[in-house]
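Notes for the structure review
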Amino acid sequence: MSKGFLIFMFTLTMLLFFKETIILARSGCLPEKEKDALREIAESLGKKHLNPCHEQERPESPDMPSYNDSIICSSPSADGVCHVESISLKGQDLAGVLPPSLANLTYLKSIDLTRNYLSGTIPKEWEETKLEYMSLMANRLSGPIPKYLGNISTLVYMNLESNRFNGTVPAELGKLVNLKTL
Ligand SMILES: *[C@@H]1O[C@H](CO)[C@@H](O)[C@H](O)[C@H]1NC(C)=O
Ligand SMILES: *[C@@H]1O[C@H](CO)[C@@H](O)[C@H](O)[C@H]1NC(C)=O
Ligand SMILES: *[C@@H]1O[C@H](CO)[C@@H](O)[C@H](O)[C@H]1NC(C)=O
Ligand SMILES: *[C@@H]1O[C@H](CO)[C@@H](O)[C@H](O)[C@H]1NC(C)=O
């Protein structure tokens, strides 16, 4: 093996090591409750690794227009505490169900699970969230569109397109006074 190759391998190993350390350090500011919730969310969705407080580096490209794997957190406050604000797991082939514990992320404003294979319905616990943006587009969600969605009064954007919902659109959605896009 050439010396150059060894130096290259050493550098690569160090880079990978520091990347992991940076991710751990970044998510270190999350309260235990949010870390536990993230673990349950990963399990329910069927996602092996969640990278908390990590924005996908690769920009959206024409080859992968609908792929995104980011969990964005607020900047730590003076006492070193941060919160999960946005989860985007687009086009990840996730085949689980929507996690009730999403409601434990009390600072979450945006959830994007576009283009997966998620089934079942939207958990009632989600009505307690302060979500502003929710895209569940192109999954396998079924049954009636839940009436309690009308209780997520913070919603500005809701996309339920291309699922297997049936029945009528509940009148309760009329209570979403901030909604701009449905
Ligand atoms: C989420 O909140 C519920 C109700 O407060 C609690 O019972 C549950 O243990 C919490 N889950 C996590 C992962 O913190
Ligand atoms: C991925 O999702 C995050 C969180 O919603 C968003 O801020 C970011 O712009 C997205 N990145 C791409 C490349 O679409
Ligand atoms: C919406 O919230 C109100 C107040 O908590 C509750 O009484 C009502 O049952 C909820 N709506 C649905 C459809 O669950
Ligand atoms: C919705 O689909 C389910 C399962 O196929 C069926 O049992 C139910 O009758 C359907 N409801 C309506 C309103 O079409």
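Up top is the structure.
Read on for a plain summary of the structure. For every chain, the first residue of the written sequence is number 1, and numbering continues from 1 onward in sequence order. The naming scheme follows written order: chains are lettered A onward, ligands numbered 1 onward. Owing to the predicted nature of the model, reporting of local features is limited to residues with pLDDT of at least 70; listing and counting of side-chain atom pairs is limited to 80 or more, with chain, interface and lining totals taken over all residues. Excluded from the side-chain calculation are hydrogens and water; included are all heavy atoms of the structure.

What follows concerns helix H2 (residues 32-45). Under the 1.5 Å per step criterion, the end-to-end length of H2 is 20 Å for 14 residues, consistent within 8% with the ideal 20 Å. Looking at H2, one finds that the buried residues are Glu34, Ala37, Leu38, Ile41, Ala42, Ser44 and Leu45. The buried residues of H2 all sit within an arc of 165° when viewed along its axis, so they share a single face. What points out from H2, more than 90 degrees from its buried face, is the exposed set Glu32, Arg39 and Glu43. Of the surrounding secondary structure, the elements contacted by the buried residues of H2 are strand S1 (68-73) and strand S2 (84-90). Every helix listed is a DSSP run of H or I at least four residues long, and every strand listed is a run of E at least two residues long, numbered separately from the N terminus. Positive phi appears at glycine 46, one or two residues downstream of H2, with a value of about 85°. Each residue after the first adds 1.5 Å to the expected span of a helix. Burial here depends on accessible area, computed with a 1.4 Å probe over protein chains only, as a share of the maximum for the residue type. Under 20% is buried, over 50% is exposed, and the range in between is partly exposed. Along the arc lie the directions from the helix axis toward the C-beta atoms. The contact criterion used throughout is that any non-hydrogen atoms of two residues lie within 4.5 Å.

Below, the discussion takes up the sheet that holds strand S8 (residues 164-165). Strands were regarded as paired on the criterion that DSSP finds at least two bridges between them. An order of S4-S6-S8 is seen for the three strands of this open sheet, with the pairing classed as parallel. Edge positions in the sheet fall to strand S4 (119-120) and S8, since each of these pairs with one other strand and no more. Pairing of strand S6 (residues 140-143) with S8 involves two bridges; the strand directions are parallel. Within S8, the position partnered with serine 142 by the bridge is arginine 164.

Stacked, tilted and edge-to-face are the three classes applied to pairs of Phe, Tyr and Trp rings, where Trp contributes its six-membered ring and a pair requires centres within 6.5 Å; stacked means planes under 30 degrees apart, edge-to-face means over 60, and tilted covers the rest. In total, this model carries one aromatic pair according to the counting rule given. Taken together, a centroid distance of 4.4 Å and an interplanar angle of 5° make the contact between tyrosine 133 and tyrosine 157 stacked. Pair noted here: tyrosine 133 is in strand S5 (residues 133-135) and tyrosine 157 is in strand S7 (residues 157-159), with a separation of 24 residues, a long-range link. What makes tyrosine 157 partly exposed here is its relative accessible area of 22%.

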